[in-house]
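# Fold and geometry: a report
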Amino acid sequence: MTTPRRTRLEEIIGKQLGEISWADLSQLVDDRIQETQDLEFKSQHYGQEERDKKELAKDVTSFANSSGGVIIIGVQEDEQGCASGLSPVSLVEAQVRRYHQVVATRVQPHLLFNSFVIEKPGLESQGIVLLVIDRSVISPHAVDVNESLLYPQRHGRLTHNLLENEVAIAYRDRLLLVQSRINLSLEREREFLENLDTGHTWLVMSLVPDFPGYTKMDRSAFEVYRELLTGRSASVPWYGLTFSQVRIRHRRIYASDYDSPESGNQQWCAMELHSDGSGCYAARLALNRQDISSVPANEATRLVSDEGLANCILSGLEQLGKHAWSSAAQGMANVRIQIWKVDVEHPIALGHDLAFHSSSHGESFTKFRACEASVPLEDLSRPGTNLIGVASILLEEASQSLGIVDTGFLQNDGKLVVNSWGSGVRGS
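Residues numbered from 1 in each chain as written. Predicted model: local features only at pLDDT ≥ 70, side-chain atom pairs only at ≥ 80, totals over all residues. Heavy atoms only, no water.

## Things to note about the sheet that holds strand β16 (residues 269-274)
Pairing between the strands of a sheet comes from backbone hydrogen bonds, and it takes one of two forms, parallel or antiparallel. Taken together, 7 strands build an open sheet; the order of strands is β14-β15-β16-β17-β13-β20-β23 and the sheet is antiparallel. The outermost strands of the open sheet, each flanked by one partner alone, are β14 (245-249) and β23 (371-376). Sheet twist, expressed as the average angle between the axes of neighbouring strands with direction ignored, equals 15°. The pairing of strand β13 (residues 202-211) with strand β17 (residues 279-284) spans 6 bridges and is classified as antiparallel. When the bridges of β17 are listed, Leu203 appears paired with Ala283. The sheet strands contacting helix α8 (residues 385-401) are β20 (330-340) and β23, and the helix crosses β23 at an angle near 170°. (Pairing = 2+ DSSP bridges. Helix = DSSP H or I, 4+ residues; strand = E, 2+ residues; numbered from the N terminus. Axes fitted to C-alpha atoms, helices over the stretch in contact; angles between N-to-C directions. Contact = heavy atoms within 4.5 Å.)

## As for the nonpolar core
Judged by nonpolar contacts, the single largest core of 54 residues is most densely connected at Ile313 and Leu317. When residues of this core are assigned to their parent elements, the largest contribution, 8 residues, is made by helix α7 (residues 306-326). Leaving out residues up to four positions away in the same chain, Ile313 has contacts with Leu203, Met205, Ile337, Ala391, Leu394 and Leu395. Judged by nonpolar contacts, the second largest core, of 22 residues, contains Tyr46, Ile71, Ile73 and Val145. (Core = buried A, V, L, I, M, F, W, Y, C linked by side-chain atoms within 4.5 Å. Buried < 20%, exposed > 50% of the residue type's maximum accessible area, 1.4 Å probe, protein only.)

## Considerations on the pairing of strand β8 (residues 123-133)
Bridging between strand β2 (residues 69-73) and β8 involves 5 bridges; their strand directions are antiparallel. Across the sheet, the residue bridging to Ile72 is Leu130, located in β8. Relative to β8, strand β7 (residues 114-120) runs antiparallel, the two sharing 7 bridges. Bridge pairing links Glu119 to Gly127 in β8. In sequence, β7 turns back onto β8 through a hairpin of 2 residues, with Gly122 there showing a positive phi of about 80°.

Geometric descriptors of this kind do not, in isolation, establish any biological role.
And the structure:
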């Protein structure tokens, strides 16, 4: 369904990185493949001395600050930078792990990269190491050298440090990228709201990754999505929301439960998944519509379930994060939540459901300030403590917008406060 980004090395060999063999690397030597913007050869491991650690940090960062690339450790080069021979290096796990530790302690902001090892036939402890660095969506990255920050960038086969004005331009480009993704998020959210029933109160979430992925929306992909979503849970399992309809729209998939008047059922959930890995999610929140003591008696307030709010934030992050990751999107993700529809005719208050008796523990509001977070997409790729931690931040902001300091359902360290949830959760 996705078309992942390929490195130049994969293009040359015609295989994915995890499939490259010793024979493929030997062919690089036979063909005298030359180093370039996104490919570098090293005949031996980076050493243990401080200057070697600085060199490693600068090399990895220079690729991340440009277009990404691969450093092949165990390939000799000639004066023209062409592969001239294979020189197997140690494949001891601690050696490769040390590379990640060196970069983690010397590069700001934190920079992730991948590593692969290719064994020499008949000699498991010797072979070639590949360091694979993606273009960073939060560049420029700096290397800490003698208490000074340098910003290395790859240009052809060479590396140079960005000048002050170039660093300023790089930061400006980063901010422009973030703003463009926020604008796209708002545009798609507005289109998505047109699908929702204004007679109810909704938690609406949008997610837009910094670097878009790609999913080809053809018949095959549609059938996969329909099989994946139809009849499947639309929320964390204990709330029982289910997608029953999956439809194709322009460069996106639209999934919902019953949402047509002819069905005789009311709409409870909806989701759009775009081909670039972005998406929108919505689920109903209101416990009921009633007058409550904390607001004027003539004001029909929609009481929003605090537990439902926590659940819907978790559910939206899980659904949209999984789609963005599987679409090969990269970098940070801008996540935005709002409660909709809120105005003078649809005031809301945060409520708590105790043994099916709704009670208010917040003020009544006719406006809701949207809450946003920018998080590493990897944190949302699967359910776990990182995803719960992000949900906790968004829930805290949302509850404070409704006059409550903390609902007490989630913790920033990624843990569920089980005793705060209803019996349906505690028993699941």
